[in-house]
Amino acid sequence: MFLASLLLAAAVAAPPAQTDPTIASSKAQLQAVKGYVTKAADQVPEEMYSFKPTADVRSLGQLFGHVADANFMICSAASGKKPDMTGIEKSKTSKADLKAALDASFAFCEAAFDGLTAASGAEVVKFFLPGTSTRLSVLTFNTAHDFEHYGNIVTYMRLKGLVPPSSAPR
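In what follows, the accompanying structure is described. The model shown is predicted, which means the values in this text are computed figures rather than measured ones.

## Observations concerning helix α5 (residues 95-113)
Spanning 19 residues, α5 covers 27 Å between terminal C-alpha atoms, matching the ideal 27 Å at 1.5 Å per step. What α5 keeps buried is the set K95, L98, A101, L102, S105, F106, F108, C109, E110, A112 and F113. Where the residues of α5 are buried, they touch α2 (21-43), α3 (60-79), α4 (88-91) and α7 (135-159). One or two steps after α5, the chain reaches G115, where phi turns positive at roughly 80 degrees.

## Quick word on the pattern of salt bridges
In the structure shown here, the tally under the stated rule is five salt bridges. Here R58 and E89 are joined by a salt bridge, their closest N and O atoms 2.8 Å apart. Of this pair, R58 sits in the loop between α2 and α3 while E89 sits in helix α4, and the two are 31 residues apart along the sequence.

## Here's the deal with the packing of α5 against α7
Between α5 and α7, whose axes approach to 10 Å, the crossing angle comes to 150 degrees. With respect to α7, the element α5 is oriented roughly antiparallel. The hand of the α5/α7 crossing is left-handed. Between α5 and α7, the contacting residues are F106, C109, A112 and F113 on the first element and L136, L139, N142 and D146 on the second. Split by residue class, the contact of α5 with α7 holds six nonpolar, one polar and one charged.

## Re α7
Spacing of three or four residues puts side chains on the same side of an α-helix, whose turn is 3.6 residues. With 25 residues, α7 extends 37 Å from end C-alpha to end C-alpha; this agrees with the ideal 36 Å at 1.5 Å per step. Two residues or fewer past α7, G161 is found with a positive phi of approximately 80 degrees.

## Looking at the nonpolar core
Most often, soluble globular proteins have nonpolar side chains that are buried together. Among the nonpolar cores identified, the biggest contains 40 residues, and V37, L60, F64, L102 and I153 are the most heavily contacted of them. Going through the elements one at a time, α2, α3, α5 and α7 are the ones with two or more residues in this core. No other element matches the ten residues that α3 contributes to this core. Those residues within four positions of V37 in sequence are excluded, and the remaining contacts are F64, V67, L102, F106, Y150 and I153.

## Digging into the packing of aromatic side chains
One pass over the full model with this rule turns up seven aromatic pairs. Here the aromatic rings of F72 and F108 are separated by 5.3 Å at their centres, their planes lie at 55 degrees, and the arrangement is tilted. Here F108 lies in helix α5 and F72 lies in helix α3, a separation of 36 residues in the sequence. The buried category is assigned to F108, whose relative accessible area is 10%. Judged by centre distance (5.5 Å) and plane angle (75 degrees), the rings of F127 and F141 are edge-to-face. Separated by 14 residues along the polypeptide, F127 in the loop between β1 (124-125) and β2 (133-134) and F141 in helix α7 bring together distant segments of the chain. Residue F127 is classed as buried on the basis of its relative accessible area, which comes to 12%. Residue classification places F141 among the partly exposed positions, given a relative accessible area of 26%. In textbook terms, an aromatic cluster arises when at least three aromatic residues are bridged by ring pairs, as seen for F127, F128 and F141.

Procedures and definitions
- Residue positions are given per chain, counted from 1 along the sequence in the order it is written.
- Note on the predicted model: pLDDT of at least 70 is required for a residue's local features to be given, and 80 or more for side-chain atom pairs to be given and counted; whole-chain, interface and lining totals, by contrast, use all residues.
- Excluded from the side-chain calculation are hydrogens and water; included are all heavy atoms of the structure.
- Secondary structure elements follow DSSP: runs of H or I of four or more residues count as helices, runs of E of two or more count as strands, with numbering from the N terminus.
- To estimate the expected span of a helix, subtract one from its residue number and multiply by 1.5 Å.
- Remark: exposure states derive from per-residue accessible area (1.4 Å probe, protein chains only) relative to the maximum for the residue type, with buried under 20%, exposed over 50%, and partly exposed in between.
- What makes two residues a contact is simply this: any of their non-hydrogen atoms within 4.5 Å.
- Salt bridges are counted wherever a side-chain nitrogen of Lys or Arg sits within 4 Å of a carboxyl oxygen of Asp or Glu.
- Lines fitted to the C-alpha atoms define the axes, with helices restricted to the stretch that makes contact. Angles between their N-to-C directions range from 0 to 180 degrees.
- Any angle that is under 35 degrees is reported as roughly parallel, and any over 145 degrees as roughly antiparallel; angles of 65 to 115 degrees are reported as roughly perpendicular and all others as oblique.
- Left-handed describes a crossing whose near helix is turned anticlockwise from the far helix by less than a right angle; the clockwise case is right-handed.
- Classes in brief: Ala, Val, Leu, Ile, Met, Phe, Trp, Tyr, Cys and Pro nonpolar; Asp, Glu, Lys and Arg charged; the others, Gly included, polar.
- Note on terminology: a nonpolar core comprises buried Ala, Val, Leu, Ile, Met, Phe, Trp, Tyr and Cys residues joined through side-chain atoms within 4.5 Å.
- Any Phe, Tyr or Trp ring, taking Trp's six-membered ring, that has another such ring centre within 6.5 Å forms a pair; planes under 30 degrees apart are called stacked, those over 60 apart edge-to-face, and the others tilted.

Next comes the structure, spelled out in structure tokens:
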């Protein structure tokens, strides 16, 4: 009984974790597209990583590499931290290397969200888009970019008869 009382007192004394709902919902969107992209990277067989529907577009592996490169570059602008890797699209070709780079890039972006507050999310940062960009808007742009290229990945998968993760039965 004494232990239960102590645990209850500790729970009442500890303030609840405060999370800004705008930041939390933005991070949830990143986690959704991360799930789709990483599941697709897992699902696609290694030999399909070199698949290009036409000669003038990226291969499927290059798409995964591009997403990883962009995650590092864009989330670096939002966080102010140096990217862990660059040049992935042009230097990595194996499924294992590209999956590792994707995982690292999504972790880098998730870390950019960690500790973000309403005030720090509203801070203006230098970004390549015209106009004013806040830390949170840059992270939101990154998620939109990831979804854009997930759409490409979906098309490539369907051309090869695969059902993409977002359409798979649950």
